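Structural overview for review
One-letter residues, chain by chain:
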Amino acid sequence: NTKMKLLVAGIILAMAPVIAGDNTLSEDELWDNLVHGPDTDPVIEAELGGQHFDSSTKPFEQDDLSYWTDMAQIGIRTYVPFFEDNMNPDGQSSDHPGEQTTSYIAWDAIKTKLEELPVKQESGEAIRGNELGLLRLNTAFYPECEGEAYCGIALGGTQADHKTVRPVLDHVFGSEGVTDGTIGLTGNKWSRDEMRASALAFLASKNTLDVKNDAGVWTTIVLHKMALNIDLTFSEAQAFIDFQAKAVILTPLPSFVPEWFGGALKLEETLKQKAQYLKKYEQHIRANIAAGMYTTAAGVDLLSADDADGIKKTAWGFLDALIFAGGLSVPGVISSGLAAYYTGLTGSDFDINDPNQMPLLVFESIRHSPPVLGVPYMVDGHRHAPLAGMGGYDKTKYGEDANEFRIRKTLTEYKALSIDWADFAKPVDGAPWSSRICPAKSLSYNMILSFWEALDATNWYVDPDTSITRENGPLWWSAFTIHRSCEGFGVHVGAREASRAHANKNPNVGQYCSWTSWCDDAFSCSRKWWQWNGYCEIDKYYRFFGESCSKQDQCDNVLTDEAGVDLACRFGKCAFLDGQVCEEDETVEFADYTDLPESNEGQTAGAWTVVTATGGLSAAAIFFLRKPKTHMRHAKMPKENGNGNDAL
């Protein structure tokens, strides 16, 4: 046990500079910047001034070594292979991870256990704890819970606290009086049209999108407004996303790590930020109570201004929901769906803008890349973990190829099998607060659709320098960037998009690979040397339109051949051969190399696109002056000057 702790401690110390970031300010300077910044409320400033936290005295409750060894194997092998190899004889469950644990893997078993949870928790037979999916969290992130009956993530709070907070969550995020998980297009505090308008406004000024991060920023803006009537700027929402990242890193670590190395992990700074958010939330909750924001249509006040503890617990619940629940899952599914689309896994016949097809991508993305893995609870000291995220891999429900991404069901069928929102944890009759279905099921579904509708993915293309690769859960896909196509100038996305044809004929991207199961030609396995499993991805030797190259066969390869696109390595970049330019593009002739324009990095990169439409020249000039390098094209040169186009 001691050796294991020292090993993990060494790893954490090595990671600390990466986790904490490059920040040379002292702790007092950082706290001063946080509390006394231009956007800080003076009331909160007065309450928090001089406050410090001593993390060394906080309770830590993680001591099951077998849990850590199991989680290490899951990290190396991924969820599905681990549980397939550790399945109990019943074919429904597994006695992992850790001791005194039963994880339910099969869809039917998951459904049964989810149905039991509200009944058993309402009766007092079952309790939840400081866990998120399979992760057992430390309590270092929760200094404010000292003296409370429960300490940890709000998702695992006591039944009494749940009875206070859950009706508020249902009222704000759900539809009035609806606790059965029904999907609707309108909620008590939101509508699909409003969210689409919000996404359109958010995306209007963007020509580049860091998909996972920016979707998270938008989600943060929407949820803060909806839950607390807080209007966040982009920079304020980005600050919350940065804070969220710290919390997500800190909470699942072995308990001794923040206890011993809290300084290296900037724990105190993070806790101070959290204290400020909680105070801000409580302040807004009180104002919202006065404004009737938490009053039902029937006139029932869900919170009282005199209930200080209820307000505190509601602020706690909202913050944890924005950090660990919808604040993570919504951008995760937005990103996963777009990753599947841009890598061609959706198929050549899929139309992401078809309102009848787009919902299918939501459900398949959630099935294949579940944002929430499980809903664990304890009965008589034994942990029961219905792993909702594993239900989508049940081959009896989704077919023998359930491990692979494929839009395979009708919308009615997907909805009937939906289990990732804990869909079957319906409330006990007469006790609507006992529901354990995600209160924001309809909201999250509509947020994802609204973002995709506003985006129109067909008008964006993948950053040529970005590889979209399948990863282990819970991340599932690598981060990637997309760019808006130049409206009116006919920018061609090139072989990266056209290579979907290859992926459709041979759906290799995203499939499992291992030491004994290889990927097809032109693909490689993402498996690290210490891992058994990985995912197939396009070999990094091959290049696509706009990417750096040094050899002709990097651009002209089996992928481009099957895609029907002819590329050549020109100026160190993959570019189209003659006749492969886009509509409204013209190839500009230059006398020799000296006439070629310079890129913004000082390297000759090609010629400006010429737009001949009357009245469009000024707009084109403004556009290219603002962002020149992205929209350059290859040039022709007379053959007598340096072998002409062949030399290029």
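Below: a short report on this structure. Given the structure is predicted, the values throughout are model-derived calculations rather than measurements.

Reading the values: the criteria
Residues numbered from 1 in each chain as written. Predicted model: local features only at pLDDT ≥ 70, side-chain atom pairs only at ≥ 80, totals over all residues. Heavy atoms only, no water. Disulfide = S-S within 2.5 Å. Helix = DSSP H or I, 4+ residues; strand = E, 2+ residues; numbered from the N terminus. Buried < 20%, exposed > 50% of the residue type's maximum accessible area, 1.4 Å probe, protein only. Contact = heavy atoms within 4.5 Å. Pairing = 2+ DSSP bridges. Axes fitted to C-alpha atoms, helices over the stretch in contact; angles between N-to-C directions.

**Points about the state of the cysteines**
- For the coordinates displayed, the defined rule picks out two disulfides.
- Through a disulfide, Cys-513 is tied to Cys-525; the S-S separation comes to 1.9 Å. Because the torsion about its S-S bond is 85°, the bridge between Cys-513 and Cys-525 counts as right-handed. Pair noted here: Cys-513 is in strand 11 (residues 512-514) and Cys-525 is in strand 12 (residues 523-525), with a separation of 12 residues, a long-range link.
- Across the disulfide from Cys-519 sits Cys-536; the S-S distance is 2.2 Å. As the torsion about the S-S bond is roughly -95°, the Cys-519-Cys-536 disulfide counts as left-handed. With Cys-519 in the loop between strand 11 and strand 12 and Cys-536 in strand 13 (residues 533-538), this pair connects stretches of sequence that are 17 residues apart.
- Accessibility expressed as a relative area gives 16% for Cys-519, which makes it buried.

**Some details on helix 15 (residues 358-368)**
- Burial analysis of helix 15 places 11 of its 11 residues in the buried class, which makes it a mostly covered element.
- Buried residues of helix 15: Met-358, Pro-359, Leu-360, Leu-361, Val-362, Phe-363, Glu-364, Ser-365, Ile-366, Arg-367 and His-368, and no others.
- Of the surrounding elements, those touching the buried residues of helix 15 are helix 14 (326-342), helix 16 (395-398), helix 17 (411-417) and helix 18 (441-455).

**Comments concerning the environment of Leu-228**
- With respect to the helices and strands, the residue Leu-228 is situated in helix 9 (residues 211-228).
- Along the sequence, Leu-228 and His-284 sit 56 residues apart, while their C-alpha atoms lie 6.1 Å from each other.

**Brief notes about the sheet that holds strand 10 (residues 481-484)**
- Taken in spatial order, the three strands make up an open sheet running 6-10-9, and their pairing is antiparallel. Two strands in the sheet have a free side with no partner beyond their single neighbour: strand 6 (208-210) and strand 9 (460-462). On average, adjacent strands in this sheet sit at an angle of 30° to one another, irrespective of strand direction.
- Taken together, the three bridges between strand 6 and strand 10 define a ladder with antiparallel strand orientation. Looking at the pairing, Asp-210 lines up with Thr-481 of strand 10.

**Some points on the sheet that holds strand 11**
- With antiparallel pairing, three strands are arranged side by side in an open sheet as 11-13-12. Bordering the open sheet on either side are strand 11 and strand 12, each of which pairs with just one other strand. Neighbouring strand axes in the sheet, compared pairwise and without regard to direction, differ in orientation by 45° on average.
- Relative to strand 13, strand 11 is paired through three bridges, and the arrangement is antiparallel. Pairing of Tyr-512 across the sheet is with Tyr-535, part of strand 13.

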